[in-house]
Amino acid sequence: MIIKVLGISGSPRRHGNTETLLDAVLEGARKAGAEVEKIVLRSLEYASCRGCNACHKTGVCVIKDDLTEVFTKIGDADVQVLASPIYSMGITAETKGLIDRAQYLWARKFILKNLYYAPDHVLRHKGIFVSTAGLGWENVFDAAFPAITAFFNTTGFEYWDNVIANDLDRYGGIAGHPTALTEAREKGRDVVNLLAGLQDPANAEA
């Protein structure tokens, strides 16, 4: 069974530090045998959540735009790699717009109670957060983690790991970082190998 890896770039800047780091994760996953796709939110036409709460009654978002297909692809993926640089100590507007639009899934889980991710499903669906920051502060990513956690939980993915690189102003960008790109490729490889091992019938309990 082919493992599907979906990368989502939430950076407004094409081919910058964060998208380059995301590409490295996807490269590692591809070389490990996964089917890889990348979505660039900047190139899509979509609206933010209206807060209308219609989905609390129907379980369906009333907005139909480019994110409608994105959520279908998220549902089909085995690995979701969500990437956002740190802007003003948090995730970008593009990324937050995507996360807020998952409200219809939250409504299905907690209000309508017609969506449930079994523990085995979550175990076999991994989420990776990719991020970069110019600042060297150790806590520069801290404000991003809760929203990413909520999104992975809402979409049925285990928050498996981070691929993050800070202090890029000092390094002159991601290409100057001594380890980040190599570690990103390794992370992509490792998550695919992990899921391949879980799918192997020889590893199933008798």
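Throughout this document, residue positions are counted from 1 along each chain, in the order its sequence is written. In keeping with the model being predicted, local features are shown solely for residues with a pLDDT of at least 70 and side-chain atom pairs are shown and tallied solely at 80 or more, while totals for entire chains, interfaces and linings include all residues. In computing side-chain properties, one takes all heavy atoms of the structure into account and sets aside hydrogens as well as water.

Asker: Please explain the overall build of the chain as it appears in this structure.
Answerer: For the chain, the helix and strand inventory stands at nine helices and five strands. Going from N to C terminus, the chain has its helices and strands arranged as β-α-β-α-α-β-α-α-α-β-α-β-α-α. Taking 206 residues into account, the globule formula puts the C-alpha radius of gyration at 17 Å, and the chain, at 17 Å, falls close to it. Taking the principal axes of its C-alpha atoms as reference, the chain extends roughly 50 × 50 × 30 Å. Every one of the 206 residues in the chain was classed for burial, and the buried ones make up 44%. Secondary structure elements follow DSSP: runs of H or I no shorter than four residues count as helices, runs of E no shorter than two count as strands, and numbering proceeds from the N terminus. Atoms counted for the radius of gyration: C-alpha only. Globule rule: 2.2 Å times residue count to the power 0.38. Exposed residues in this analysis have more than 50% of their type's maximum accessible area, buried residues have under 20%, and partly exposed residues fall in between, with area computed by a 1.4 Å probe over protein chains only.

Asker: How should the side chain of S131 be read in this particular structure?
Answerer: For S131, the position within the fold is in strand 4 (residues 126-132). Between two residues, a contact is recorded if the distance between any of their heavy atoms is within 4.5 Å. When near neighbours in sequence (up to four residues on either side) are disregarded, S131 contacts T18, L21, S84, P85, I86, F141, V163, I164 and A165.

Asker: How do you make sense of the side chain of S9 when you look at a structure like this?
Answerer: If you trace the backbone, S9 turns up in strand 1 (residues 4-9). Among the residues examined, S9 registers a relative accessible area of 0% and is labelled buried. For S9, the contacting residues outside a window of four places in its chain are E19, L22, I39, V40, L41 and A83.

Asker: Please explain the sheet that holds strand 2 (residues 35-40) as it appears in this structure.
Answerer: Whenever strands of a sheet pair, they do so through backbone hydrogen bonds, lying parallel or antiparallel. Sheet architecture is open: five strands sit in the order 2-1-3-4-5, paired in parallel fashion. Looking at the sheet topology across the chains shown, the edges are occupied by strand 2 and strand 5 (158-165). Averaged over all neighbouring strand pairs, the angle between strand axes comes to 15°, with direction disregarded. Two strands pair if DSSP finds at least two bridges between them. Strand direction decides the pairing type here: strand 1 and strand 2, joined by six bridges, are parallel. Residue G7 lies in a different strand from strand 2, and its bridge partner there is K38. Every axis corresponds to a line fitted to the C-alpha atoms, with the helix fit spanning only the stretch in contact, and the corresponding angles, defined between N-to-C directions, vary from 0 to 180 degrees.

These figures capture arrangement, not role.
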